[in-house]
Amino acid sequence: MFTYSLDEYTELRPLAMEHTKPLFELTDRSRDQLRHWLPWVDNVTEIEHTSNFISNALKQGADNGGFTAGVWLKGDLAGIIGFHEINWTNRSVSIGYWLGKGFEGQGLMTSACRVLVDYALVTLDLNRVEIRSATNNKRSRAIPERLGFVLEGVIRQAEKLPKGYVNHAVYGMLQHEWELLR
């Protein structure tokens, strides 16, 4: 297993079964803020649910279909970032991410996203990276905007959350665009 240092205090580590307890605890502590934007939060009520998530992420990684990492700050798990299923035929992938309570506003996720976008478009030679976010989730939307992604449109009522349906802003970055921004 490898780690990737974002700076002297922050690193990305692929999820492993040993991260089950810290990930469950981070999810539990952050539940009130996460449920506004993530539909799965209220279904993660036992540590076994987190164990299953990590197990599925490891299988997806072993099948060359995606990648999920923890974002670690000063040794503490701060959040999760990863590739959803890679579409090798169309050479595209979407990135999902979230930060736990108390870790927002420090640039952690922008740095982590920059690394994953670079990995997707340069190392994996994919053509497209997509990021979707609820239109009202200003913090999440700021990340692709900071990285130079293009707002391609809005999908109406794309996701059902506890308080109802939300629209998704769809951002895209193409390989040739990223080369100009690097």
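Quantities reported herein were computed from a predicted structural model and do not represent experimental measurements.

Draft legend 1. Local environment of the packing of aromatic side chains. According to the stated counting rule, one finds 3 aromatic pairs in the structure shown. Taken together, the ring pairs in this structure connect Phe67, Phe83 and Tyr119 into an aromatic cluster. Looking at Arg13, its charged tip hangs above the ring of Trp72, at a distance of 4.1 Å from the centre. The residue whose ring lies beneath Lys74 is Tyr9, and the NZ or CZ to ring-centre distance is 5.1 Å.

Draft legend 2. Looking closely at the pattern of salt bridges. Counting across every chain of the model gives 11 salt bridges. One salt bridge in this structure joins Arg13 and Glu11, with 2.6 Å as the shortest N-O distance. For Glu130, the salt bridge is made with Arg132, and the minimal N-O distance between the two is 2.6 Å. Sharing partners across several salt bridges, the network here consists of Arg128, Glu130, Arg132 and Glu152.

Draft legend 3. Highlighting helix α3 (residues 108-123). Compared with an ideal rise of 1.5 Å per residue, which puts 16 residues at 22 Å, α3 spans 22 Å between its outermost C-alpha atoms and is within 8% of the ideal. Turning to α3, its buried residues number three or more, namely Leu108, Met109, Thr110, Ala112, Cys113, Leu116, Val117, Ala120 and Leu121. Phi for Asp125, located one or two positions after α3, is positive at around 60°.

Draft legend 4. Representation of the confidence of the model for the protein within the structure. Within the protein, residue pLDDT values average 95, and 99% of them lie at 70 or more. Confidence, read as mean pLDDT per element, is least for strand β1 (residues 4-5) in the protein (92) and greatest for strand β6 (residues 128-134) (98).

Draft legend 5. Up close: helix α2 (residues 47-62). The end-to-end C-alpha distance of α2 is 23 Å, a good match for the 22 Å that 16 residues give at a rise of 1.5 Å each. What α2 keeps buried is the set Thr50, Ile54, Ala57 and Gln60. Down the axis of α2, the buried set is contained in an arc of 120°. They therefore lie on one face. Relative to its buried face, α2 has exposed residues pointing more than 90 degrees away, namely Asn56, Lys59 and Ala62. Note on α2: the residue one or two positions beyond its end, Asn64, has a positive phi of about 60°.

Cut-offs used in this document
Residues numbered from 1 in each chain as written. Predicted model: local features only at pLDDT ≥ 70, side-chain atom pairs only at ≥ 80, totals over all residues. Heavy atoms only, no water. Phe/Tyr/Trp six-rings, centres within 6.5 Å; stacked < 30°, edge-to-face > 60°. Lys NZ or Arg CZ within 6 Å of the ring centre and 35° of its normal. Salt bridge = Lys/Arg side-chain N within 4 Å of Asp/Glu carboxyl O. Helix = DSSP H or I, 4+ residues; strand = E, 2+ residues; numbered from the N terminus. Expected span 1.5 Å × (residues − 1). Buried < 20%, exposed > 50% of the residue type's maximum accessible area, 1.4 Å probe, protein only. pLDDT = per-residue confidence, 0-100. Arc of directions from axis to C-beta.

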